[in-house]
Amino acid sequence: MYKVFGLMMKKYLVRTVLCFSMVLVMGPLGAQSFEHPRIYTTNLDKQAFLEKLENVAWKRELIDKKKQNLERYLNFVDINPEWLVSRLQMNWKTKHNEVYLKGGNFAYSKGTAPVPTVRFSGTRDWATDYKRPKLVDVEPYFDDSRGLYFEHKKTGKKEWIHPSKSGHAIEKINQEIMQLVEDAAFLYWLTGEQKYADFAAPVFFTYIDGMFHRDAPIDLKNSNQQNISGLATFEVIHEGIVISLVTAYDFLYDYLKSEKKDVSNTVAVFQKWGDQIIKNGVPDNNWNLFQARFLTYIALVLESNETYKNGKGREHYLNYTFNVSTDRQIAVNESLLVYDQETGIWPECPSYSVHVITTLLKIFTLLDHVTNNNEMANYPILEKAVLSSFQYLFPSGYMLGFGDSGHKILPPENFELLIANYRKYNQKEKEVLISGFLSQFMSNKLYTRKAKDLFNLFFYVDDIVDSEADLGALTTPTFYAPNVSMFNQRMGEGDNAVMLSTVGSYGNHAHANGVSIELFANNYVLGPDSGKGPSYWHPDFRDYYARMPAHNTVIVDGISDYNNMRVYHPFKLDNSFPKSGESSIFDKVTFSKVSFLEPKTVSNQQRFSAIIKSNSGKAYVVDVFRSKKQKDGKQKHEYFYRNLGQSLDVLDANTSTLEFTTTDDLSSKKGDLTGYDFFSSKYKASTSKAVQPIFTLKTAGRPDNLMKLWVKGSSNQTIYKLKSPRSNALSEGTAPKNLLKDSIPTLVLKRDEAAWNNPFAVVFNPYLKGEENPIENVSYASLEGSPSTQIIEVLLADKITTDRIVLNASENDIAQEEGFYQKGLLSIIRESKTGNTLDFMFLSGISRLDYKEWTLIASAKPVTISIESVEDRYLIQNDNPVTINLPLKEGGKRAKLMLYEDGKLVATKEAVLNRNKPFQQLFKLEKAYSKVIIKL
């Protein structure tokens, strides 16, 4: 499906650019071009809309709510006509027309204008210690040289503060007021009652005239802030008031004409705002599309170019939105090429990526309302992006938390808008598929269908098809997104579902996290990322949440670091199974091996992570992390892992509690990053033996949720247990509610030497107290002649089945001992002690394997192959040519080989004897096969 989308996209882009350019040249977009309103609806559609309201309760509820909310303000204005207008944040007395900034902070304003002018926002940083007053508490015509008089959040006392201390309070008050104006304008159109227009118009024109006479801000530092400021806010992407202004104008248009209102200033302000958005911004990330949405609103409300002397009308701004790129505003046509055309992933962290989708869907919904040209179908990458976003999800349906993200559900609005498009253009099968997820959200009480704003009111369908969600149809066992350096592994369903996400640092809104993991098991994200801080300028974010110590990774010398936000430090995916986006007939193993260069200390790192399904159906996770500095000499490496719970206990080999002592290690005083200072309750112990840390999560009415770690011993290993700050990624869908604000138990393993030949090796063993634990024991071994080889033996719960994992550092390494030879990366062999029965053999990156009476030899490239015993046969899958030598019992029948392609049997063969080993029979697979059967 995705490949078809990719092939179609270039053709559609070319066609769409040409078609859209023709529309622009032709001028008016559709029959409603010269009428208002036209953005959300038209006068021609009014009667049909009124009839819908009679039958669709949730749409009627929004209108009733808006009427009720406005009633109190109408009463205020009846008593005092200036009540609302006086609460606008304006330069009432000074009438300053010039605004000056110092970087991301308001500095001062000066100059004079013939009317009060709109105040600029206080600061780019939304984090503030002061409360924004409720609208009824805003002082009328407030304009004081002492600044703002706001209440402190902690003390409850009011203080005079400079506007730069107020966060986004100034812009938010104005947005709140203009939302009331928008609502009143809409209700005027809907009801014809002039009281709504009389309420809205004075406030609208006061603000418009104040912005007409006010200049764009100037940054005294001439920093990058100069290139991103809007007219009202520090970022052009936060100019949300534009939508309210445009919408109010659109619905008030007939009233303004009948009252003979001069709208020239209004048009000029819209043009000025459009020009500022085109001039400023960030052209190559989410900003570009957020800006494009505002431009779309401005364009659609304006008349054609020929109406205005400066020629800046509808066609002008639509052209800049979709076709013409500038230094700071890349056209939508070009922006869509930023998507990875193979995966459909946007190069930013999940939370931002899915909201880019929302923004694009809104843009095309608005455009399609005017053109009726199925604009989404003209841009297939958009639909592909919506479908690919399901790959961000944990089995619980919540998104990953890496970078500046959090564990939230996918935006229901994305589904609503897709459904609306599918229904409009009669694509019933697609509508049913996507409707299933909205149905699931609603049944799980994660979403209530209601209109939050006018966009929802006019563009959401009245009702949705009741269908079942099928997450499996849109997710795969593994998924690799190189443009965000993310590799996800999934296994199992329901209570047995396990997911591991491995991330590097690539794209926008990324953190300095090295190679980090998030781990889902037992229905929770037990091993979470820490998420983002209070704001991007807050010291907690800069020093901790965006830095290495906040992540499940390995830190070198306590100083591993690099810039966050726009980051170019991905891992390299060396090996994996199954291939990204594909399924496999062998479902017992998924894995990835990634490589990374830690830039601060110039250290090579490698992380191997696998999910292995036990014979009970429950899974465990193997994590082997290698790390070494490229330069010889003193070095230390610290493995961090945090897990949900109230406690962390560490047991020794005899299952006795290991003794810990308090410590002042892990701190900036010892030369570590400042982020280490955020840790508390620090304890340490030293042992060369293997240990078993156990994280315990207690939840009322449920058995204890346990995560047991089987940690390999090392002669130079120090073990720490401590508390990390709360994870801001967690939500009620991924952790118990009572733990969301709690610090998180954290394990740290430290080596005062390179951890390459002797890497950190951990088996994660999640289970519930009182219920089956899939693992009885884990033991680690190494080979004297192959020092980097890791041998991990996992004894499963039945005490007779063993998984033997042999892992080398690369495909070129050799592991050899009596009765065993492996040239290549990985082998996992499961067999039962009873009858010495082979359950399965999984090999990856292997050139040759000799094990007991088996020999497998890759013909050219190293092979990945699974051989699973199923009754009287072996089920096999391979990705490269290979020769399989398997045991032949004395006097036994020779095996038969059955080859399948596209699910159909295409050939059969009988085994031939190995001329050098008469106890072996062999088959040659000359190419990759997704299904092979050897019948014994």
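Before reading on, note that the structure itself is shown above.
Source: prediction; values computed, not measured.

## Here's the deal with the overall build of the protein
Here comes step 1: Along its length, the protein carries 16 helices and 43 strands.
Here comes step 2: In terms of C-alpha radius of gyration, the protein reaches 32 Å, essentially the compact-globule figure of 30 Å for 936 residues.
Here comes step 3: Each principal axis of the C-alpha distribution contributes one length, and for the protein these read about 105 × 65 × 50 Å.
Here comes step 4: Relative to its full complement of 936 residues, the protein shows a buried share of 59%.
Here comes step 5: The contacts of the protein with a sequence gap of at least 6 include a subset with a gap of at least 24, amounting to 66%.
Here comes step 6: When the accessible surface of the protein is totalled, it reaches about 37200 Å², and 49% of it is carbon and sulfur.

## Quick look at helix α8 (residues 286–301)
Two residues of an α-helix separated by three or four positions point the same way, owing to the 3.6 residues in each turn.
Here comes step 1: Its 16 residues give α8 an end-to-end C-alpha distance of 24 Å, which sits within 8% of 22 Å, the value for a rise of 1.5 Å per residue.
Here comes step 2: Across the 16 residues of α8, 16 count as buried, placing the element largely inside the fold.
Here comes step 3: Two or three places before W287, at the opening of α8, N285 has a side-chain oxygen 2.9 Å from that residue's backbone nitrogen.

## Quick word on unusual backbone geometry
Glycine aside, a negative phi is what most residues show, and trans is what most peptide bonds show.
Here comes step 1: Cis geometry is adopted by the peptide bond preceding P37, which originates at H36 and carries an omega value of -5°.
Here comes step 2: Checked against the element boundaries, P37 lands in the loop between α1 (2–26) and α2 (46–55).
Here comes step 3: Going from F577 to P578, the amide bond is cis rather than trans, its omega being -15°.
Here comes step 4: Mapping P578 onto the fold places it in the loop between β16 (572–577) and β17 (589–598).
Here comes step 5: Phi is positive for D557, which is not a glycine, with a value near 55°.
Here comes step 6: Within the fold, D557 resides in the loop between β14 (554–556) and β15 (565–569).
Here comes step 7: Phi is positive for T655, which is not a glycine, with a value near 60°.
Here comes step 8: Mapped onto the secondary structure, T655 falls in the loop between β21 (647–651) and β22 (661–662).

## With respect to the packing of aromatic side chains
Here comes step 1: Scanning the model with the defined rule gives 59 aromatic pairs in all.
Here comes step 2: Geometrically, the ring pair formed by W126 and W537 is edge-to-face, given 5.3 Å between the ring centres and 80° between the ring planes. Placement of the pair is W126 in the loop between β4 (117–118) and β5 (148–151) and W537 in the loop between β13 (524–527) and α16 (539–545), with a sequence separation of 411 residues.
Here comes step 3: Note on W126: relative accessible area 32%, which makes it partly exposed.
Here comes step 4: Assessed through its relative accessible area of 28%, W537 is described here as partly exposed.

## Here's the deal with the nonpolar core
Here comes step 1: Counting 213 residues, the largest nonpolar core has Y40, F186, Y207, W273, F364 and F764 as the members making the most contacts within it.
Here comes step 2: For F186, the contacting residues outside a window of four places in its chain are F49, I63, F251, L454, L457 and F458.
Here comes step 3: Ranked by size, the runner-up nonpolar core spans 32 residues in total, among them I791, I876, F923 and V932.

## Some thoughts on the sheet that holds β16
Here comes step 1: As summarised here, the arrangement of the eight strands in space is β16-β17-β18-β19-β28-β25-β24-β21, forming an open sheet in which the pairing is antiparallel. Of all the strands in the sheet, the pair left with one neighbour each is β16 and β21. Neighbour to neighbour, the strand axes of the sheet diverge by 15° on average, direction disregarded.
Here comes step 2: Two strands pair when backbone bridges link them, and β21 and strand β24 (residues 692–697) are joined in this way by five bridges, in the antiparallel orientation. Bridged to S647 within β24 is T696.

## Section: the sheet that holds strand β9 (residues 486–491)
Here comes step 1: Within the open sheet, the five strands sit side by side as β8-β9-β10-β12-β13. Their pairing is antiparallel. Each edge of the open sheet carries a strand with a single partner, namely β8 (478–481) and β13. Averaged over all adjacent pairs, the angle separating strand axes in this sheet is 20°, with direction ignored.

## Here's the deal with the packing of helix α4 (residues 169–191) against helix α5 (residues 194–212)
Packed helix pairs are specified by the crossing angle of their axes together with the interaxial distance, meaning the distance between the axes.
Here comes step 1: Close contact between α4 and α5 brings their axes to 8 Å; oriented N to C, the two are set at 145°. Crossing hand, α4 versus α5: left-handed. In contact with N174, I177, M178, L180, V181, A184, A185, L187, Y188 and T191 of α4, α5 contributes Q194, Y196, A197, F199, A200, V203, F204 and Y207.
Here comes step 2: Of the residues assigned to the contact of α4 with α5, the class counts are 15 nonpolar, three polar and no charged.

## Quick notes on the pattern of salt bridges
Here comes step 1: With the rule as written, the count across this model stands at 37 salt bridges.
Here comes step 2: In this structure, the salt-bridge partner of E303 is R38, at a minimum N-O distance of 3.2 Å. Highlighted residues: E303 in the loop between α8 and α9 (314–322) and R38 in the loop between α1 and α2, separated in sequence by 265 residues.
Here comes step 3: For E303, a relative accessible area of 11% corresponds to the buried category.
Here comes step 4: The class of R38 is buried, set by a relative accessible area of 4%.
Here comes step 5: Between D587 and K588 there is a salt bridge, and its shortest N-O distance comes to 3.2 Å.
Here comes step 6: In this structure K588 comes out as buried when scored by relative accessible area, which is 18%.
Here comes step 7: Connected through salt bridges with shared partners, the residues D587, K588, K613 and E868 form a single ionic network.

## Some details on the packing of helix α7 (residues 264–279) against α8
Here comes step 1: Two elements in contact, α7 and α8, have axes whose closest approach is 10 Å; the angle formed by their N-to-C orientations is 150°. In terms of axis orientation, α7 runs roughly antiparallel to α8. Regarding α7 and α8, the two cross each other, and that crossing is left-handed. Together, F270, W273, G274, I277 and I278 of α7 and Q291, F294, L295, I298 and V301 of α8 make up the contact between the two elements.
Here comes step 2: Taken together, the residues of the contact of α7 with α8 sort by class into eight nonpolar, two polar and no charged.

## Topic: the environment of P774
Here comes step 1: By secondary structure assignment, the location of P774 is in the loop between β28 (755–768) and β29 (775–783).
Here comes step 2: By relative accessible area, which is 1% here, P774 ends up buried.
Here comes step 3: Separated by 23 residues in the primary sequence, P774 and A797 have C-alpha atoms spaced 4.9 Å apart.
Here comes step 4: When near neighbours in sequence (up to four residues on either side) are disregarded, P774 contacts S614, S616, K618, N765, P766, Y767, L796 and A797.

## Overview of the pairing of strand β34 (residues 837–851)
Here comes step 1: Counting buried positions along β34 gives eleven out of 15 residues, so the element sits mostly inside the fold.
Here comes step 2: Note: strand β33 (residues 820–832) against β34, twelve bridges, orientation antiparallel. Residue pairing in the sheet places E831 in a bridge with L838 of β34.
Here comes step 3: Summarising the sheet, β34 and strand β36 (residues 863–870) pair through five bridges and their orientation is antiparallel. Residue F842 lies in a different strand from β36, and its bridge partner there is S866.
Here comes step 4: Strand direction decides the pairing type here: β34 and strand β35 (residues 854–858), joined by four bridges, are antiparallel. When the bridges of β35 are listed, D850 appears paired with T855.
Here comes step 5: Taken together, β34 and the strand that follows it, β35, pair antiparallel across an intervening segment of two residues, in which K852 is found at a positive phi of about 50°.

## Regarding the pairing of strand β31 (residues 801–807)
Here comes step 1: Of all seven residues in β31, seven are buried; the element is thus mostly enclosed.
Here comes step 2: Taking every second residue as pointing to the same face, both faces of β31 are buried, with T801, D803, I805 and L807 on one and T802, R804 and V806 on the other.
Here comes step 3: Pairing of strand β30 (residues 786–796) with β31, which is carried by six bridges, proceeds in the antiparallel orientation. Within β31, the residue paired with I791 across the bridge is V806.

Reading the values: the criteria
Residues numbered from 1 in each chain as written. Predicted model: local features only at pLDDT ≥ 70, side-chain atom pairs only at ≥ 80, totals over all residues. Heavy atoms only, no water. Helix = DSSP H or I, 4+ residues; strand = E, 2+ residues; numbered from the N terminus. Rg over C-alpha atoms; globule rule 2.2 N^0.38 Å. Buried < 20%, exposed > 50% of the residue type's maximum accessible area, 1.4 Å probe, protein only. Contact = heavy atoms within 4.5 Å. Areas by Shrake-Rupley, 256 points an atom, 1.4 Å probe, with all protein chains shown as cover. Expected span 1.5 Å × (residues − 1). Polar contact = N/O pair within 3.5 Å; in protein donor to acceptor, adjacent residues only side chain to side chain. Phe/Tyr/Trp six-rings, centres within 6.5 Å; stacked < 30°, edge-to-face > 60°. Core = buried A, V, L, I, M, F, W, Y, C linked by side-chain atoms within 4.5 Å. Pairing = 2+ DSSP bridges. Axes fitted to C-alpha atoms, helices over the stretch in contact; angles between N-to-C directions. Left-handed = near helix turned anticlockwise from the far one by under 90°. Nonpolar A, V, L, I, M, F, W, Y, C, P; charged D, E, K, R; others polar. Salt bridge = Lys/Arg side-chain N within 4 Å of Asp/Glu carboxyl O. Parallel < 35°, antiparallel > 145°, perpendicular 65-115°, else oblique.

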